[in-house]
Protein chains: 2
Amino acid sequence: MLRIAVDAMGGDAGAPAVVEGVARLSCRADNIHTLLVGHRDVLHSLLGQYRHDPSRIDVVHAPDFLPMGADPHEVLERRPGASIRVATDLVAAGEAEALVSAGPTGGTVLAATARIGRLPGIRRAALAAVYPTEKTHGPRGDPFALILDVGATLGATADDLVGFAVMGSAYARIISGNPSPKVALLSNGAEANKGTPAIVAAHARLREHPFIDFSGNIEGIDIVRGTADVVVCDGFLGNVVLKMLEGVAEVLSGLMREAFDERLLWRVGLSLVGHDIRQIKAMTDWKQYGGAPLLGLERVVIKAHGRSNPRAFANAVRVAARAVEGGLTEQIRLGLIESARTEPQLRPS
Amino acid sequence: MLRIAVDAMGGDAGAPAVVEGVARLSCRADNIHTLLVGHRDVLHSLLGQYRHDPSRIDVVHAPDFLPMGADPHEVLERRPGASIRVATDLVAAGEAEALVSAGPTGGTVLAATARIGRLPGIRRAALAAVYPTEKTHGPRGDPFALILDVGATLGATADDLVGFAVMGSAYARIISGNPSPKVALLSNGAEANKGTPAIVAAHARLREHPFIDFSGNIEGIDIVRGTADVVVCDGFLGNVVLKMLEGVAEVLSGLMREAFDERLLWRVGLSLVGHDIRQIKAMTDWKQYGGAPLLGLERVVIKAHGRSNPRAFANAVRVAARAVEGGLTEQIRLGLIESARTEPQLRPS
């Protein structure tokens, strides 16, 4: 039985979507036991509304929660009873093997880093995101590629970038079932000497890394094509890229909606080419489909999107369970040891 | 009469597209005199094939040209007879007021910077690009926004970013006829403290700049929406952003083409909603529509896309003429003086 701590408070859709997702999951996934963290009165009342298997859910009381928009540092300094603190402490104490949070990103990152701790060799945890691409990925035909860091951490060093590559590769192996994900550095040219000094140095080290199928630098155009399974970049760049992809999805959805609403004949046409439209729709709605892993910590942490619906939330818990089962943390730890070993040989003398 | 030097050699489509564009333009634009630079035999032979007004075109002989893929430094060191060298020298000597080049970007930038020279206060010239957005820009409803630098120059300082803002704003005023273009810094959050130290410092200075309608930081999502008329960023980031937009255009074209080729009913539907499709097509074909200005030099320089068709090439020459008429260089010079003046007041004491 895998024990997953879930911070049920603080998402944009509030506790109801989280509880409904966990309730549904409890009726289906017999290998997952959820520790649902939040105010006990709220959670018990919500659980009463949804069919669930009570033997697979425990409610853990947290008297407080970090609201959206609050200073994330409050979670460490002034809110010991906040649900995200209680949930991370359950994981830190070994009472749960993974954390899933729909609360604010800043608070989740701070609490998880401070209470669960970073893996040796990791200076900063990285937030990864999946996004839809034209090509599929791995033997199962996963329509999503992974990009990290998107955590808005500025100024990644070569060490950080190599760490991101190790972590993203391990995650894609386990979650996408892709035995050898192609990892690429995002730069302004394919040549090994293109990019910032950190990118150039990371390129040289990744080329020699025994754990990583490194396909070199890619450019902006390749992000959309989906040439790589795992795209590695600085958190600043990742943030801009991810938000651009959201903007493209927004504009496409708008165009499709307009076409649907206003023009009968196009509507008829569209219904006949349902497959293509579903593909575009999947591309524009992808944020529903999963959580963003926070990588580089001693335990599995998944940040679910604040506006997730119940199904997406249940999916984020499943992903956390799969990451634990697949040994994500151990895979990353081994990859990082390998990174540290290869470094000195490659340093110019 | 505006005299525009045109490097006719070295584009991907070769001299024919350039000469055809210039020939067509000569029959229509009575205020433009083109100095067509390249091998005289090639150019005279091509001119013989197209209707043109010989009183508005001079052929200037250049025995050599810089081929695509050659080391751009050759243009300065070993190829004094290269067409781009001869064309820039005409501009430097005052025999032409602007340069239009369809040759390799690197060679154009090097030759123009070395022979024409930078404006006072400009450390490096910036390459700007237009791209299509959801919203239109300015009173004429221009469908394109401007982004700079996209020249793959790494490590922009706050000074560089302020200079890009001044140059982009002046270009948008003159070319889009937008009297007060909204200028924004691309960052990982809207708040003034978001981004790299260079972005944060540039933000503080732009807020006080009397020549610039500064609307603060924008995020990736706003690039696609078209919130700003001029987007300012480091050349590395601009390169990734522009190539992502090209990737999106490529994927959209692919989807549209597939729909057109394979499915009759959708085809019928599409022909009835021609307007929307033309809009998508314009968005995916936008690279045809103009040139990319190289800003920050003592004269107007437009880099036309290497794969431009004759119409796009004629358009690039028109844009160069409009920039000269509008006093682009003088506008930038005045804006830069203002930047230098505001700086000391804003420096923390």
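Just so it is clear, the model here is predicted, and its values are computed rather than measured.

Summing up its helical and strand segments, chain A has 13 helices and 11 strands in all. Taken over 349 residues, chain A has a buried fraction of 58%. Within chain A, residue pairs in contact and separated by at least 24 positions form 73% of the contacts whose partners lie at least 6 positions apart. Summing over all exposed atoms, chain A offers an accessible surface of approximately 13900 Å²; the carbon and sulfur share of this is 51%.

Moving on to the sheet that holds strand E7 (residues 182-186) of chain B. Residues and elements named next belong to chain B. Taking strand neighbours across the sheet as the criterion, the 11 strands line up as E3-E2-E1-E4-E11-E10-E5-E6-E9-E7-E8 in an open arrangement whose pairing is mixed. Each having just a single partner strand, strand E3 (57-61) and strand E8 (213-218) make up the two edges of the open sheet. Within the sheet, the average angular offset between the axes of one strand and its neighbour, ignoring direction, is 30°. Bridge count between strand E4 (residues 98-101) and strand E11 (residues 300-304): four bridges; the pairing is parallel.

What follows concerns the pattern of salt bridges. In the structure shown here, the tally under the stated rule is 26 salt bridges over all chains. The partner of Glu74(A) in a salt bridge is Arg78(A), with the nearest N and O atoms 3.2 Å apart. Taking relative accessible area as the criterion, Arg78(A) reaches 59% and is therefore assigned exposed. Close ionic contact of Asp64(B) with Arg79(B) constitutes a salt bridge, the shortest N to O distance being 2.9 Å. Taken together, the residues span a long stretch of sequence, with Asp64(B) in the loop between E3 and helix H3 (74-77) and Arg79(B) in the loop between H3 and helix H4 (83-92) at a distance of 15 residues. For Asp64(B), a relative accessible area of 25% gives the class partly exposed.

For the rest of this paragraph, the subject is the environment of Asp234(A). Residue and element names in this part refer to chain A. Along the chain, the position of Asp234 falls in the loop between strand E9 (230-232) and helix H9 (235-262). Spatially, the C-alpha atom of Asp234 lies 5.8 Å from that of Asp149, the residues being 85 residues apart in sequence. If we ignore the near neighbours within four places in the chain, the residues touching Asp234 are Asp149, Thr153, Leu154, Gly155, Ala156 and Leu161.

Covalently bonding the sulfur atom of one cysteine to the sulfur atom of another cysteine gives a disulfide. Overall, the coordinates contain zero disulfides over all chains when judged by the stated rule. Cys233(B) supplies the cysteine sulfur nearest to Cys233(A), a cysteine that is in no disulfide, at a spacing of 15 Å. Cys233(A) gets classed as buried once you look at its relative accessible area, which sits at 2%.

Okay, the packing of helix H4 (residues 83-92) of chain A against helix H5 (residues 105-116) of chain A next. Residues and elements named next belong to chain A. Two elements in contact, H4 and H5, have axes whose closest approach is 9 Å; the angle formed by their N-to-C orientations is 35°. Taken as a pair, H4 and H5 cross one another with a handedness that is right-handed. Between H4, through Ile84, Arg85, Thr88, Asp89, Val91 and Ala92, and H5, the contact on the second element is made entirely by Gly107, Thr108, Ala111, Ala112, Arg115 and Ile116. A per-class count over the contact of H4 with H5 returns six nonpolar, three polar and three charged.

A separate point is a nonpolar patch on the surface. Taken together, Phe211(A), Leu334(A) and Ile337(A) make up a surface patch of nonpolar side chains, about 230 Å² in accessible area. Tracing the chain through its elements places Ile337(A) in helix H13 (residues 328-346).

Turning next to the nonpolar core. Of all hydrophobic cores here, the largest spans 216 residues; its most connected members are Ile4(A), Leu36(A), Ile4(B) and Leu36(B). Domain assignment of the residues forming this core places at least three in each of domain 1 (1-122 + 296-326) and domain 2 (126-288) of chain A. Apart from the residues within four sequence positions on either side, Leu36(A) is in contact with Val6(A), Ala8(A), Val18(A), Val19(A), Val22(A), Leu43(A), Leu47(A), Ile57(A), Asp58(A), Val59(A) and Val60(A). Membership of the second largest hydrophobic core comes to eight residues, among which are Val248(A), Val251(A), Leu252(A) and Val248(B).

Looking now at the side chain of His33(A). Residues and elements named next belong to chain A. By the element assignment, His33 lies in strand E2 (residues 32-38). A polar contact is formed between the side chain of His33 and the side chain of Asp58, at a distance of 3.0 Å. Not counting residues up to four positions away in its chain, the partners in contact with His33 are Met1, Leu2, Arg3, Ile4, Ser55, Arg56, Ile57 and Asp58.

Let's shift gears to the pairing of E11(B). Residue and element names in this part refer to chain B. Across the five residues that make up E11, a large majority, five, are buried. Here E11 shows no split at all, with Val300, Ile302 and Ala304 on one side and Val301 and Lys303 on the other all buried. Here strand E10 (residues 291-295) folds back onto E11, and the loop between the two strands holds four residues, one of which, Gly296, carries a positive phi near 110°.

Moving on to the environment of Ile122(B). Residues and elements named next belong to chain B. Inspection of the secondary structure assignment puts Ile122 in the loop between helix H5 (105-116) and strand E5 (126-137). On the basis of relative accessible area, Ile122 is assigned to the buried category, the value being 10%. Sequence separation between Ile122 and Gly189 is 67 residues; the distance between their C-alpha atoms is 27 Å. Setting aside residues no more than four positions away along its own chain, Ile122 makes contact with Met167, Gly296 and Leu336.

Turning our attention to the sheet that holds E9(A). Residue and element names in this part refer to chain A. Here 11 strands make up an open sheet; going across it, the order is E3-E2-E1-E4-E11-E10-E5-E6-E9-E7-E8 and the pairing mixed. Each having just a single partner strand, strand E3 (57-61) and strand E8 (213-218) make up the two edges of the open sheet. Pairs of neighbouring strands in the sheet enclose a mean axial angle of 30°, with direction left out of account. Inspection of the sheet shows strand E6 (residues 142-148) paired to E9 by three bridges, in the parallel sense. When the sheet's bridge partners are listed, Leu146 is paired in E9 with Val230. With respect to the sheet, helix H2 (residues 40-47) is in contact with E2 and E3, its orientation differing from that of E3 by roughly 155°.

A word on the domain arrangement of chain A. Residue and element names in this part refer to chain A. Taken domain by domain, chain A comprises domain 1 (1-122 + 296-326) and domain 2 (126-288). Contact residues are listed per partner, giving 14 residues for domain 1 and eight residues for domain 2. Interface area, domain 1 with domain 2, both sides summed: about 900 Å², of which 64% is carbon and sulfur. Taken together, the connections running from domain 1 to domain 2 amount to zero salt bridges. In this assembly, domain 1 and domain 2 are joined by one residue pair in polar contact (both at pLDDT 80 or more).

Calculation criteria
- Residues numbered from 1 in each chain as written.
- Chains lettered and ligands numbered in written order.
- Predicted model: local features only at pLDDT ≥ 70, side-chain atom pairs only at ≥ 80, totals over all residues.
- Heavy atoms only, no water.
- Helix = DSSP H or I, 4+ residues; strand = E, 2+ residues; numbered from the N terminus.
- Buried < 20%, exposed > 50% of the residue type's maximum accessible area, 1.4 Å probe, protein only.
- Contact = heavy atoms within 4.5 Å.
- Areas by Shrake-Rupley, 256 points an atom, 1.4 Å probe, with all protein chains shown as cover.
- Pairing = 2+ DSSP bridges.
- Axes fitted to C-alpha atoms, helices over the stretch in contact; angles between N-to-C directions.
- Salt bridge = Lys/Arg side-chain N within 4 Å of Asp/Glu carboxyl O.
- Disulfide = S-S within 2.5 Å.
- Left-handed = near helix turned anticlockwise from the far one by under 90°.
- Nonpolar A, V, L, I, M, F, W, Y, C, P; charged D, E, K, R; others polar.
- Patch = residues over 30% accessible without salt bridge, like charges linked within 9 Å, V, L, I, M, F, W, Y side chains within 5 Å.
- Core = buried A, V, L, I, M, F, W, Y, C linked by side-chain atoms within 4.5 Å.
- Domains from an automatic or database assignment.
- Polar contact = N/O pair within 3.5 Å; in protein donor to acceptor, adjacent residues only side chain to side chain.
- Buried area = accessible area lost by both parts, 1.4 Å probe.

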